[in-house]
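Summary of structural features
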Amino acid sequence: MAEKGVAPRELTRPVKVGDVVVGGGAPVSVQSMCTTDTADAAATLAQIARLAEAGCEIIRVAIPSAAALDGFAEICASSPLPVVADIHFDHRLAIEACRRGAAALRVNPGNIGSWERVDAVIDEAGAAGIPIRIGVNAGSLDPAFAEREDLTHVEKLVGSATSFVEHFRSRGFSDIVLSAKAHGVPTTVEVNRALSRELPDVPLHIGVTEAGTARQGTVKNAAAIGALLMEGIGDTMRLSLTADPVEEVNVAWDLLSAVGLRRLRPELVSCPTCGRCQWDLMGIAAEVERRLAGVRAPITVAVMGCVVNGPGEAKGADIGLAGGRGQAMLFAGGEPIRTVAEADAVDELFSEIERRFS
Ligand code: SF4
């Protein structure tokens with residue numbers, strides 16, 4: 001049980017995935033997974049470059065067969081991000097990935113086939129000095145828990161995860177990150193709360209699996225990951241979406257910013273508009289959001305519908321615009337800077353951002 005005022009993530013044992021520390025109170029890191037064919041190293045490295053630019057900190061690639069191993073080695077040698085090898089079923093691929101430059105492994109011990117094979121992977125990762133992310137989901141439970149009718153799904157996930165961790169430790173291996181994934185929000189939250197209680201020193205990789213396409217997936221991930229992060233649970237996260245993985249990273253950063261943990265980029269504050277709005281707020285907000293993609297300063301920018309209430313409602317913003325009829329007020333910290341013509345408002349806002357924050 002965490003002491004009062006101490007976030008559970010401050011009590012986990014830190015492990016290093018390449019240069020990125022996971023656990024021990026380190027900043028919650030953002031991960032994603034390549035959608036390219038790992039055998040095509042050039043395409044995968046190009047996708048990793050886009051993900052790194054968006055703020056991804058750890059990248060995972062699938063090794064579905066031995067045909068991917070040469071590409072995997074090439075990717076590890078040139079990737080700007082630490083590369084995690086994602087392996088299911090075939091323990092020989094995991095062993096080979098350790099020898100080809102993996103910064104970490106992700107395996108689900110429940111689908112590797114036998115403890116002997118799991119032990120061979122543990123020993124090879126130990127020799128390579130890299131951590132293992134132990135994954136557990138409905139399809140990879142410990143057989144000792146899978147068929148038990150007296151247990152709930154959450155209890156099966158937690159029981160399996162706990163037994164896997166105990167096994168790894170009994171083998172002398174402690175560089176562990178744990179993930180127990182489900183596609184429902186309540187299950188995801190409940191499982192991770194229980195793991196944080198039962199295994200308080202094990203860093204947790206959190207996320208919702210098979211969360212869905214951009215809109216539904218964003219909502220499910222934000223609800224589950226957001227709730228856990230607010231409780232201090234979760235050391236690293238992957239916000240999985242059926243979308244371009246760059247979008248996963250963008251949404252992950254927006255979520256970290258929204259819960260007040262980390263900020264990489266500007267945050268846009270805009271009002272919902274009401275009958276007092278006298279300018280094209282939706283169009284202006286969309287334009288500001290688009291142009292903010294090129295700004296790195298972690299500032300808060302407001303775009304408000306009216307001069308009467310806008311600057312006051314957005315007092316916490318570093319800078320903003322509040323619209324009127326044919327003109328807008330440029331303000332900072334709730335105080336006016338100057339009045340600008342509506343047609344020039346966005347350009348004026350960005351010149352002021354450039355002047356003050358770059
Ligand atoms: Fe309405 Fe003005 Fe508030 Fe926007 S800022 S919701 S237009 S009162």
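Residues numbered from 1 in each chain as written. Predicted model: local features only at pLDDT ≥ 70, side-chain atom pairs only at ≥ 80, totals over all residues. Heavy atoms only, no water.

Let us look at the sheet that holds strand E12 (residues 300-304). Here we have 5 strands laid out as an open sheet, ordered E11-E12-E13-E14-E15, and mixed in their pairing. The open sheet is flanked by strand E11 (267-270) and strand E15 (335-341), the only strands paired with a single partner. Adjacent strand axes in the sheet meet at a mean angle of 20°, parallel and antiparallel pairs treated alike. Relative to E12, E11 is paired through 4 bridges, and the arrangement is parallel. By the bridge assignment for E12, Leu 268 is matched with Val 301. Across the sheet, helix H10 (residues 281-292) is in contact with E11 and E12; its angle to E12 comes to roughly 160°. Against the sheet, helix H12 (residues 345-357) contacts E12, strand E13 (319-323), strand E14 (327-332) and E15, and its axis sits at roughly 165° relative to E13. (Pairing = 2+ DSSP bridges. Helix = DSSP H or I, 4+ residues; strand = E, 2+ residues; numbered from the N terminus. Axes fitted to C-alpha atoms, helices over the stretch in contact; angles between N-to-C directions. Contact = heavy atoms within 4.5 Å.)

A few words on the side chain of Ser 240. When you line up the elements, Ser 240 lands in the loop between strand E10 (236-238) and helix H9 (245-258). Given a relative accessible area of 11%, Ser 240 falls into the buried group. Among residues more than four places away in sequence, those in contact with Ser 240 are Val 208, Thr 209, Glu 210, Ala 211, Asn 221 and Glu 248. (Buried < 20%, exposed > 50% of the residue type's maximum accessible area, 1.4 Å probe, protein only.)

A separate point is the UniProt feature "binding site: [4Fe-4S] cluster" (unreviewed entry) in the protein chain. Annotation from UniProt places "binding site: [4Fe-4S] cluster" (unreviewed entry) at Cys 271, Cys 274, Cys 306 and Glu 313. The greatest C-alpha distance among the annotated residues, which extend across 43 residues, is 13.5 Å, indicating that they converge on a single site. As for its placement among the helices and strands, Cys 271 is situated in the loop between E11 and H10. In this view, Cys 271 contacts Leu 281, Val 303, Met 304 and Gly 305; residues no more than four positions away in its chain are not counted. (UniProt positions renumbered as here; feature names shortened; annotations may be inferred.)

The next subject is the site of the ligand. All residues adjacent to the ligand are Cys 271, Cys 274, Arg 276, Cys 277, Met 304, Gly 305, Cys 306, Asn 309, Gly 310 and Glu 313. Among the residues forming the shell around the ligand, the class breakdown is 5 nonpolar, 3 polar and 2 charged. (Near = heavy atom within 4 Å. Nonpolar A, V, L, I, M, F, W, Y, C, P; charged D, E, K, R; others polar.)

Volume-wise, the largest pocket comes out at about 580 Å³. Lining the largest pocket are 22 residues, and of these Asp 254, Arg 265, Pro 266, Glu 289 and Ala 293 lie nearest its centre. Only helix H1 (41-54), H9, E11 and H10 provide two or more residues apiece to the lining of the largest pocket. Considering each element in turn, the lining of the largest pocket owes the most residues, 8 residues, to H9. Its residues assigned to classes, the lining of the largest pocket comprises 10 nonpolar, 3 polar and 9 charged. Surrounding the second largest pocket, 18 residues form its lining, Met 33, Arg 60, Arg 106, Thr 209 and Arg 238 being those nearest its centre. Of the residues assigned to the lining of the second largest pocket, the class counts are 5 nonpolar, 5 polar and 8 charged. (1 Å grid on protein atoms, 1.4 Å probe; cavity = no way out; pocket = protein on both sides within 12 Å on 5 of 7 lines; lining within 4 Å. Points joined across faces, edges and corners; volume = space filled by probe spheres on them.)

Looking at the assigned domains, one finds that the protein chain contains domain 1 (8-258) and domain 2 (267-357). Inter-centroid distance (C-alpha atoms) of domain 1 to domain 2 is 40 Å. (Domains from an automatic or database assignment.)

This next bit is on the sheet that holds strand E3 (residues 29-33). As summarised here, the arrangement of the 8 strands in space is E8-E7-E6-E5-E4-E3-E10-E9, forming an open sheet in which the pairing is parallel. Strands with a single pairing partner mark the edges of an open sheet, and in this sheet they are strand E8 (176-180) and strand E9 (205-206). Relative to strand E7 (residues 132-136), strand E6 (residues 104-107) runs parallel, the two sharing 3 bridges. By the bridge assignment, Arg 106 is partnered in E7 with Arg 133. The strands that H9 touches are E3 and E10; relative to E3, the one it contacts most, it runs at about 160°.

Moving on, we come to empty space enclosed by the protein. For the structure on display, the rule yields 3 cavities of 30 Å³ or more. Taken together, 14 residues line the largest cavity, and the ones lying closest to its centre are Val 17, Gln 31, Val 84, Ala 104 and Arg 133. Its residues assigned to classes, the lining of the largest cavity comprises 9 nonpolar, 3 polar and 2 charged. Roughly 50 Å³ of internal volume is contained in the second largest cavity. What lines the second largest cavity is simply Pro 8, Arg 9, Thr 12, Ser 196, Leu 199, Pro 200, Val 202, Leu 204, Gly 232, Ile 233, Gly 234 and Asp 235. Among the residues forming the lining of the second largest cavity, the class breakdown is 6 nonpolar, 4 polar and 2 charged.

Phi is positive for Phe 89, which is not a glycine, with a value near 70°. Turning to its location among the elements, Phe 89 is positioned in the loop between strand E5 (83-87) and helix H3 (91-99). Non-glycine residue Glu 210 carries a positive phi angle of around 45°. Position of Glu 210 among the secondary structure elements: in the loop between E9 and helix H8 (214-230). Given the relative accessible area of 60%, Glu 210 is considered exposed.

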